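# What the coordinates show
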Amino acid sequence: ANGLEDLRRSCGGNGFLHSSGISLLSNAYLGVATAEGDYVLLYLLCGRFLLTSYQKAKEGKPFPKTLAYLKPLLKQKKMKAPKPIDFASRVKDLEFLVELFRYNALVSIRRMLRRIAAKFSETSSTDESWRASLIEVMEAAKRHCAFLVLERFYEQIQTIEDPKMQS
């Protein structure tokens, strides 16, 4: 980010122009360093949100809209995996990919919840069980975010009226 600022200054007033391309780069990189910290912290915050939302749902409170797909975790039943298919033929099928990403996120979040519960039963410390489960928390958050991005993309594709644009 500092290099971009030096580059912009060396161009004088032209560095501010959209046509220079520098302002686009600056907008893309300046916020990354100053948002909430690095991506690890953001994933851990997301993981904490997943955990607290699950705990609240176990107490009878509803899941937030973005976490409604976690309801099967409350039933403690075996989750249904997407149907086995000829992967090569459906790799471009967005509906299949959304289901695959959903299942992947559910499995990862369940693994995180089980790891935290197991560590809590060993230590009886919430902080210790959290620290011992950070890898699982990161993986669950990554997979949750990937699922949400794909699901929102799929929802937006469905709103397009031109069939040529959907395929």
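Treat the numbers as computed from the prediction; the structure is a model and nothing was measured.

This brings us to the overall build of the protein chain. Counting its secondary structure elements, the protein chain contains nine helices and zero strands. Ordered by position from the N terminus, the helices and strands of the protein chain form the series α-α-α-α-α-α-α-α-α. Counting every position in the protein chain, which comprises 167 residues, the buried fraction comes to 28%. Residue pairs in contact within the protein chain that sit at least 24 positions apart in sequence constitute 55% of those at least 6 positions apart. A total of about 11500 Å² of accessible surface is found on the protein chain, and carbon and sulfur atoms cover 58% of it.

It is worth spelling out unusual backbone geometry at this point. Positive phi, normally seen in glycine, also occurs at Ser124, with a value near 60°. Along the chain, the position of Ser124 falls in the loop between helix 6 (94-123) and helix 7 (126-131). Ser124 sits in the exposed class, given a relative accessible area of 58%.

Attention now goes to helix 6. An ideal rise of 1.5 Å per residue puts 44 Å on 30 residues; helix 6 measures up with 43 Å between its terminal C-alpha atoms. When we look at burial in helix 6, the residues that qualify are Phe96, Leu97, Val98, Ala105, Leu106, Val107, Ser108, Ile109, Met112, Leu113, Ile116 and Lys119.

Ranked by internal contacts, the top residues of the largest apolar core, which has 27 residues, are Leu50, Tyr69, Leu70, Leu73, Ile109, Met112 and Leu113. Of all the secondary-structure elements, those providing two or more residues to this core are helix 3 (39-58), helix 6 and helix 8 (134-159). Looking at which element gives the most residues to this core, the answer is helix 6, with nine residues. Other than its neighbours up to four places away in sequence, Leu70 contacts Leu50, Phe63, Leu106 and Ile109.

All right, on to the pattern of salt bridges then. Using the criterion set out here, one finds nine salt bridges in the structure. Of the charged contacts, one joins Arg115 and Glu136 as a salt bridge, the two residues approaching to 3.8 Å between their closest N and O atoms. With a gap of 21 residues between them, Arg115 in helix 6 and Glu136 in helix 8 connect regions that are remote in the sequence. You can call Arg115 partly exposed: its relative accessible area is 31%. The class for Glu136 is buried, based on a relative accessible area of 19%.

Summed over the entire model, instances satisfying the criterion amount to two aromatic pairs. Each ring, one from Tyr39 and one from Tyr43, has its centre 6.1 Å from the other, and the planes form 85°; the classification is edge-to-face. Taken together, the residues span about one helical turn, with Tyr39 and Tyr43 both in helix 3 at a distance of four residues. Residue Tyr39 is classed as exposed on the basis of its relative accessible area, which comes to 53%. Here the aromatic rings of Tyr69 and Phe147 are separated by 4.5 Å at their centres, their planes lie at 55°, and the arrangement is tilted. Of this pair, Tyr69 sits in the loop between helix 3 and helix 4 (71-75) while Phe147 sits in helix 8; the two residues are 78 residues apart in sequence, bridging distant segments of the chain. By relative accessible area, Tyr69 is classed as buried at 9%. Exposure remark for Phe147: the relative accessible area of 0% places this residue in the buried category.

Reading guide: rules and limits
Residues numbered from 1 in each chain as written. Predicted model: local features only at pLDDT ≥ 70, side-chain atom pairs only at ≥ 80, totals over all residues. Heavy atoms only, no water. Helix = DSSP H or I, 4+ residues; strand = E, 2+ residues; numbered from the N terminus. Buried < 20%, exposed > 50% of the residue type's maximum accessible area, 1.4 Å probe, protein only. Contact = heavy atoms within 4.5 Å. Areas by Shrake-Rupley, 256 points an atom, 1.4 Å probe, with all protein chains shown as cover. Expected span 1.5 Å × (residues − 1). Core = buried A, V, L, I, M, F, W, Y, C linked by side-chain atoms within 4.5 Å. Salt bridge = Lys/Arg side-chain N within 4 Å of Asp/Glu carboxyl O. Phe/Tyr/Trp six-rings, centres within 6.5 Å; stacked < 30°, edge-to-face > 60°.

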